[in-house]
Amino acid sequence: MNTRTVYVPTPDGTALATDVCLPDGTRALPAVLIRTPYGRVAHRAELRGWAANGFAALAQDVRGRHDSPGQWHPFRGHETADGTATVAWVRAQAWSNGEVVAVGASYAAYCALVTALAAPGTAPDTAPGTAHDAAGDAARAAGPGADSGDLHRDGVPDAVIAAVPALGLAETAREPAGPERLWARAGWWAAHGDRRDSDPDALARVLADDPRLLEHLPVTRLAARLAEGLGRELPSWPRLWTAGERGRLVALGSAARLPLLAVGGTRDPFADDTVALWRRWGGPSRLLLGPWGHRLTADPAAPARARVNLGALYVRWARAALSGRLAPTRHGVIALGDSGRWHSTQGEAITPGATPPDRPEADHRWPFDTPTGLRLLHGAEFSADPDRPVRSDDLVVPDDDGRADRCLLLSPPLPRPLDLAGAAVARINVTADTPSADWAVRLTALDPSGRADPLAFGIVRRTGPPGEAADITVPLGTLGRRLPAGTRLRAEIAGHHFPAHARNPHTGQDPVTATRLIPSRRTVNARGSALHLPVVARRRYVEPAPEICR
C-alpha cells in the first residue's frame, strides 16, 4: 500500500492537491473520491481503510483550501467543474478500472452530489444568472476534437455516498420555513469561511471574550464584530443570507439513475435534507439514519449500542452498488435511539419521474389539554420578548411567575414502551399581535426520574395580520427513538430559539437586517391543536448493513 500526493488539473488550469492511496499489486481498481474543504490529510486513515479493501482511494483539497490554489466560494461555481474533471482524471489512470464512487460528509457530500448530478451544459452548484458549463469547460481543456458527451460521461461517478449532506447556501442558512440558523452558521464561518485552513474552535474563543456576540444587530453586520475577535475579515458572510433558492439538488436527484447511500443522524440539523434527498432520488437509494449528530459515530456522545462500523458498511455498499446487486427500490433503516434496535423503512419500487409517497408510520395524535394527550400547565397566553428569548441551549423550564415566556404542556406517563420512527409534526391554532412571528416547538422526553432528553424540535415563521388566528403546522423532523414506560412528553411552544436561531424582531422587517426589536403577545388555542407522532405499529427490526446492501 502506498500513498502519494499529486496535483490534478482542472478545466481552467488550476491543479488541486490530491492524495492517492493504492493497494499493492498491479490489477485495475475501482476508486473512491473524497473532495473536501476540511483538509485531505485528515482522511488518510480512511483512505488506507478503503485501499485495504481493494479500492484506489483519493482525497482532494477543494479549490482555494489548504494545499489547493485558487479562490474558494462555498457552494458556488467551481465544485461541479472541478469534480467532473477529477473523476475523468481518475478514469484515465492506469490503475483505474473505470468505476468511481463519490463519497463525502457535510460540505464534502455536497461536492460528491454536484459531481454526480452534473449534466452537459449545466452546473448544479451555479447560482441563477451565472451559468457555468462544466462539461464544456472539460471539452475545451481537452482540446480540439474532444467529444463533450464522452467527457461528461467520464466525469460522472457510478455511485454516491452522501453523509449529513449540506445541500447548499440556502439549506444551511435557514430552516425550510425561514428562521435563520444563527449559531451553526456563525460557528462554521468563523472556523472555515474566507480562509485557506480551518480553526474549529474559533467561535468558542470569540464568545469567551464576548459572550453577547450573537446578540449583535443587524445579523448581516455580525461579521464585523466577529472579525475583531478572529483577527480577519469575513466578506462572504452577508451573501450567506441572500441565498433564496433551496431544494435544487433534491429536485435534480429525482432524475438520477445511479445508486445513492444517504447517511444521517436524527440529532443532525440536516437530517430532514438527508431524508428528502433519499426520498426523492431517482435511482436505487438507501437511507441509514442513526441516533447521531453531525459527526455521526465520531461523536464521543454517540450511544455505544447504536454504533455502526461505517467504514465497513460503506465498503460493502460500494461493492454492491458497483456490481449492480442493489434492488431498484428505495428503503433503509432508522435507529430507535440508543436501544440498539433498527427499524426498517418500507421499501418501494422506483418509478422514473414519479414523486414517492410520504409514508410515515401509524400517526398517533396527542391532543392538547386533554387527560390522555398533553395537559396545559401554563402559558396559553405568553410574551415572546426578543430581549429575553427562550434559549436553545437550556432545557430548564422556569417556574410560572405570572410572566410566561412559553406555552408549556405535559403528557401522562407512558403505560408501555413506545417506538417512534418517522416524521413528527405539531399542528397548532395560534394568534400573535405582531405582523411577523416565529413559532418554535420543542419536545422533550422526561424519564421517571425527571431527567430531560431532547426528542424533537421545529420552528416556522408566519406573517399575517396582527391578531388573526391561524392554523400552523410545525414539522418536528424525523424521529427514531424507543421511549420506556413511565416517560412523560413535555412540549414547549415559544417565540424564539436563541442562539440556535436568530431572533424575530416582530416588526415585519427581515431578521437579518433589523435593528429594532419589540415583544409579541401570543395565544395558543388548545382546541384544534395536537402533536402527531410516528408510532411504530408493526415492528420490523433489522440489522443495518444487510438491509442497506440488498
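Quick notes on the rules
Residues numbered from 1 in each chain as written. Predicted model: local features only at pLDDT ≥ 70, side-chain atom pairs only at ≥ 80, totals over all residues. Heavy atoms only, no water. Phe/Tyr/Trp six-rings, centres within 6.5 Å; stacked < 30°, edge-to-face > 60°. Buried < 20%, exposed > 50% of the residue type's maximum accessible area, 1.4 Å probe, protein only. Lys NZ or Arg CZ within 6 Å of the ring centre and 35° of its normal. Axes fitted to C-alpha atoms, helices over the stretch in contact; angles between N-to-C directions. Helix = DSSP H or I, 4+ residues; strand = E, 2+ residues; numbered from the N terminus. Parallel < 35°, antiparallel > 145°, perpendicular 65-115°, else oblique. Contact = heavy atoms within 4.5 Å. Nonpolar A, V, L, I, M, F, W, Y, C, P; charged D, E, K, R; others polar. Salt bridge = Lys/Arg side-chain N within 4 Å of Asp/Glu carboxyl O. Arc of directions from axis to C-beta.

1. Focus on the packing of aromatic side chains
Logical step 1: Following the criterion strictly, the structure yields 11 aromatic pairs and no others.
Logical step 2: Plain terms: the ring middles of Trp-89 and Trp-95 are 6.3 Å apart, the flat faces sit at 65° to each other, and that makes the pair edge-to-face.
Logical step 3: On the basis of relative accessible area, Trp-89 is assigned to the buried category, the value being 18%.
Logical step 4: Looking at Trp-95, the relative accessible area reads 12%, which means it is buried.
Logical step 5: An aromatic cluster of three or more residues is present, and its members are Trp-72, Phe-75, Tyr-107, Tyr-110, Trp-188 and Trp-189.
Logical step 6: The side chain of Arg-522 reaches across the aromatic face of Trp-439, ending 4.6 Å from its centre.

2. Some details on the packing of helix α8 (residues 202–209) against helix α9 (residues 222–230)
Logical step 1: In contact at an axis separation of 9 Å, α8 and α9 are set at 95° when each is read in the N-to-C sense. It follows from the interaxial angle that α8 and α9 lie roughly perpendicular. Two secondary-structure elements touch here, α8 through Ala-202, Leu-203 and Val-206 and α9 through Leu-226, Gly-229 and Leu-230.
Logical step 2: Classifying every residue of the contact of α8 with α9 by side-chain character gives five nonpolar, one polar and no charged.

3. Considering the pattern of salt bridges
Logical step 1: For the coordinates displayed, the defined rule picks out 29 salt bridges.
Logical step 2: Among the salt bridges present, the one from Glu-215 reaches Arg-212, with a minimum N-O distance of 2.7 Å.
Logical step 3: Exposure remark for Glu-215: the relative accessible area of 27% places this residue in the partly exposed category.
Logical step 4: Take Arg-212: its relative accessible area is 56%, and that puts it in the exposed class.
Logical step 5: Among the ionic pairs, Glu-547 bridges to Arg-550, the shortest N-O distance being 2.9 Å.
Logical step 6: A residue is classified by how much of its surface remains accessible, and Glu-547, at 9% relative accessible area, is buried.
Logical step 7: Via salt bridges that share partners, Asp-19, Arg-40, Arg-44, Asp-61 and Asp-67 belong to a single interconnected network.

4. Brief notes about α8
Logical step 1: If you check which residues of α8 are buried, you get Ala-202, Leu-203, Val-206 and Leu-207. Within α8, the buried residues cover an arc of 125° as seen down the axis, which keeps them to one side. Turned more than 90 degrees away from the buried face of α8, the exposed residues are Ala-204, Ala-208 and Asp-209.
Logical step 2: Packed against the buried residues of α8 are α7 (182–192) and α9.

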